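Here is how the chains run, residue by residue.
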Amino acid sequence: MMSFTVLSLIYFVLISLVIIALVREKSCEKEPTQSATVIVCARNEEDNIPGLVESLKALDYPEGMLEIFLVDDVSEDRTGEYIDAAQKEDPRIRAIHLHEKEEGFAGKKNAITQAVGMANGEIILLTDADCRPGPNWVKRMVACFDEDTGMVLGFSPIEKAKGLFQHFLEFDCLARVAIQAGGAFWNVPPYSTARNLAFKRRVFFEVNGYESSGKIATGDDFFLTRDVWLKTHRPFRHAMHPESFVMTKRDNFSKKYVRQQLRRNGTIFHLAPFYRVVGLFVLAYYVAIPISIFTLPTRLWAGSLVIKTILEWGGMIAAGKRFGYLNVSFLYPLFILYYPLHVFVSSVIGSLKKYE
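Residue positions are counted from 1 within each chain, in the order its sequence is given. pLDDT decides what is reported in this predicted model: residues at 70 or higher carry local features, side-chain atom pairs at 80 or more are listed and counted, and totals for whole chains, interfaces and linings draw on all residues regardless. Note that the side-chain values use all heavy atoms of the structure and ignore hydrogens as well as water.

Our focus in this paragraph is the packing of helix α2 (residues 49–57) against helix α3 (residues 79–89). Close contact between α2 and α3 brings their axes to 10 Å; oriented N to C, the two are set at 20 degrees. With respect to each other, α2 and α3 are oriented roughly parallel. Here α2 and α3 pass one another in a crossing that is right-handed. Taken together, the residues of α3 that come into contact with α2 (itself represented by I49, V53, E54 and K57) are T79, Y82, A86 and E89. Classifying every residue of the contact of α2 with α3 gives 4 nonpolar, 1 polar and 3 charged. Inter-axis angles, ranging from 0 to 180 degrees, are taken between N-to-C directions of lines fitted to C-alpha atoms, where helices are fitted over the stretch in contact. Comment: elements are numbered from the N terminus, with helices defined as DSSP H or I runs of at least four residues and strands as E runs of at least two. An angle below 35 degrees is treated as roughly parallel, one above 145 as roughly antiparallel, one from 65 to 115 as roughly perpendicular, and anything else as oblique. Handedness of each helix crossing follows the sense of rotation of the near helix against the far helix: counterclockwise by less than a right angle gives left-handed, clockwise gives right-handed. By definition, residues are in contact when any of their heavy atoms lie within 4.5 Å. Lys, Arg, Asp and Glu make up the charged group, whereas Ala, Val, Leu, Ile, Met, Phe, Trp, Tyr, Cys and Pro make up the nonpolar group; the residues left over, Gly among them, are polar.

What counts as a disulfide here is a pair of cysteine sulfur atoms lying within 2.5 Å. Under the defined criterion, the tally for this structure stands at 1 disulfide. Disulfide partner of C28: C144, at an S-S distance of 2.2 Å. Across the S-S bond linking C28 and C144, the dihedral sits near 110 degrees, which makes this disulfide right-handed. Residue C28 is found in the loop between α1 (2–24) and β1 (36–42), and its partner C144 is found in the loop between α5 (137–142) and β6 (151–153); the two are separated by 116 residues along the sequence. Judged on exposure class, the residue C28 and its partner C144 are both buried. Cysteine C41 is unpaired, with the sulfur of C131 as its nearest cysteine sulfur at 12 Å. Here's how the labels work: a residue is buried when its accessible area is under 20% of the maximum for its type, exposed when over 50%, partly exposed in between, all with a 1.4 Å probe on protein chains only. The exposure class of C41 is buried, given its relative accessible area of 9%. In this model C131 remains outside any disulfide bridge; the closest cysteine sulfur is found in C173, 11 Å from its own.

What follows concerns the pairing of strand β4 (residues 123–127). Taking burial as the measure, the 5 residues of β4 include 5 buried ones, the bulk of the element. Burial along β4 is two-sided: I123, L125 and T127 facing one way and I124 and L126 facing the other are all buried. At least two bridges found by DSSP between two strands is the condition for calling them paired. The pairing of β1 with β4 spans 5 bridges and is classified as parallel. Across the sheet, the residue bridging to V38 is L125, located in β4. Alignment of β4 against strand β7 (residues 197–200), held across 4 bridges, turns out to be antiparallel. Note on β7: the bridge partner recorded for I123 is K200.

Looking now at the packing of aromatic side chains. To pair, rings of Phe, Tyr and Trp, with the six-membered ring standing in for Trp, must have centres within 6.5 Å; the planes then decide the type, stacked if under 30 degrees apart, edge-to-face if over 60, and tilted in the middle. For the coordinates displayed, the defined rule picks out 23 aromatic pairs. When the ring of F171 is compared with that of F335, the centres are 5.3 Å apart and the planes differ by 40 degrees; the resulting orientation is tilted. Within this pair, whereas F171 is found in helix α6 (residues 164–185), its partner F335 is found in helix α13 (residues 332–335), the two being separated by 164 residues in sequence. On the accessibility criterion, F171 (4% relative accessible area) is buried.

Next up on the list: the environment of G134. Among the structural elements, G134 can be located in the loop between β5 (131–133) and α5. Residues G134 and L296, 162 residues apart in the sequence, show an inter-C-alpha distance of 53 Å. When residues no more than four places from it in sequence are discounted, the contact partners of G134 are L59 and F245.

Before going further, it helps to examine the packing of α6 against helix α11 (residues 298–323). Put simply, α6 and α11 touch, their axes get as near as 9 Å, and they point 90 degrees apart. Taken as axis vectors, α6 and α11 run roughly perpendicular relative to one another. Residues F171, L174, A175, V177, A178 and A181 of α6 form the contact with α11, whose participating residues are M316, A319, G320 and F323. In terms of residue class, the contact of α6 with α11 is made up of 9 nonpolar, 1 polar and no charged.

Every α-helix carries 3.6 residues per turn, so stepping three or four residues along brings you back to the same face. Among all positions in α2, only I49, L52, V53, S55 and L56 are buried. The arc that holds every buried residue of α2, seen down its axis, measures 160 degrees, which confines them to one face. Residues of α2 that are buried make contact with β1, β2 (66–73), α3, β3 (93–98) and β5. The directions considered for the arc run from the helix axis to the C-beta atoms.

Structure below.
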């Protein structure tokens with residue numbers, strides 16, 4: 001009885017801290033004073049580059065303070081051609097072509113490392129080829145930096161569509177950004193997304209870039225965030241202004257989607273010690289729930305489930321209000337039983353799978 005009570009209290013405190021962060025985190029609106037470099041690494045993205053370029057050309061930032069790097073990461077299609085054409089359309093865009101992978105760097109880490117090394121901006125912003133940032137994206141992200149801030153995390157919602165699968169994607173997106181924003185507020189960020197991420201260029205070199213994770217072919221955003229947290233102790237921020245959000249193209253349910261889910265969730269074995277402990281407590285609580293139903297008084301396990309439901313749903317509503325997805329928060333009863341299992345299974349399988 002005592003163990004279940006303790007596990008319940010720990011879980012309730014964790015959810016409460018997320019809710020407090022979602023309520024208290026402020027939106028950044030000051031005018032930017034720092035130069036910035038946007039980096040997009042693309043491999044075989046010929047279908048996405050044209051739309052991306054149109055979004056990048058529309059970026060509004062003080063003249064002479066923004067550069068945009070489009071990195072052709074050993075593509076085998078027409079990505080390089082489109083990037084060269086984009087360079088001619090906007091003087092802020094620079095085409096960078098990589099023809100072979102650097103030994104010791106897997107995934108996008110080689111491309112990002114080389115681009116950061118060439119950058120002139122004080123602030124580096126990352127997004128992906130299938131993303132569509134708005135005109136004021138750079139302004140709103142850079143506005144969150146002060147002298148000490150090392151990294152700013154951003155929200156990347158998916159484009160609108162219909163159907164149950166779409167509802168699940170939106171629920172997953174909102175649940176993840178709630179935890180991401182909570183971690184950033186308390187300066188214990190569990191992860192980030194390279195679809196919308198900004199950091200100080202000098203901080204990248206303070207942590208030696210991807211030295212600790214270069215041979216791991218996934219998690220460029222996760223490992224950089226982890227290293228900035230553990231090695232520098234610099235404060236984090238989460239951008240909350242709607243103009244800082246970066247829309248992402250929606251994937252249909254396919255092998256590509258499953259692979260992306262596994263890659264994204266497959267970092268549990270690389271979590272910092274703090275989050276390994278947190279993860280074990282959360283897992284223990286969920287395992288203890290069905291056991292308690294058969295072994296403990298009804299008032300104890302039922303009371304725990306009632307409080308759990310109130311806090312989790314309250315957290316989703318708070319996240320929905322802050323990120324403009326309040327309607328998604330009301331899907332909580334639909335996915336509450338399936339979602340924890342989805343996260344656990346995909347995390348375990350993703351961590352065991354090898355990537356190239």
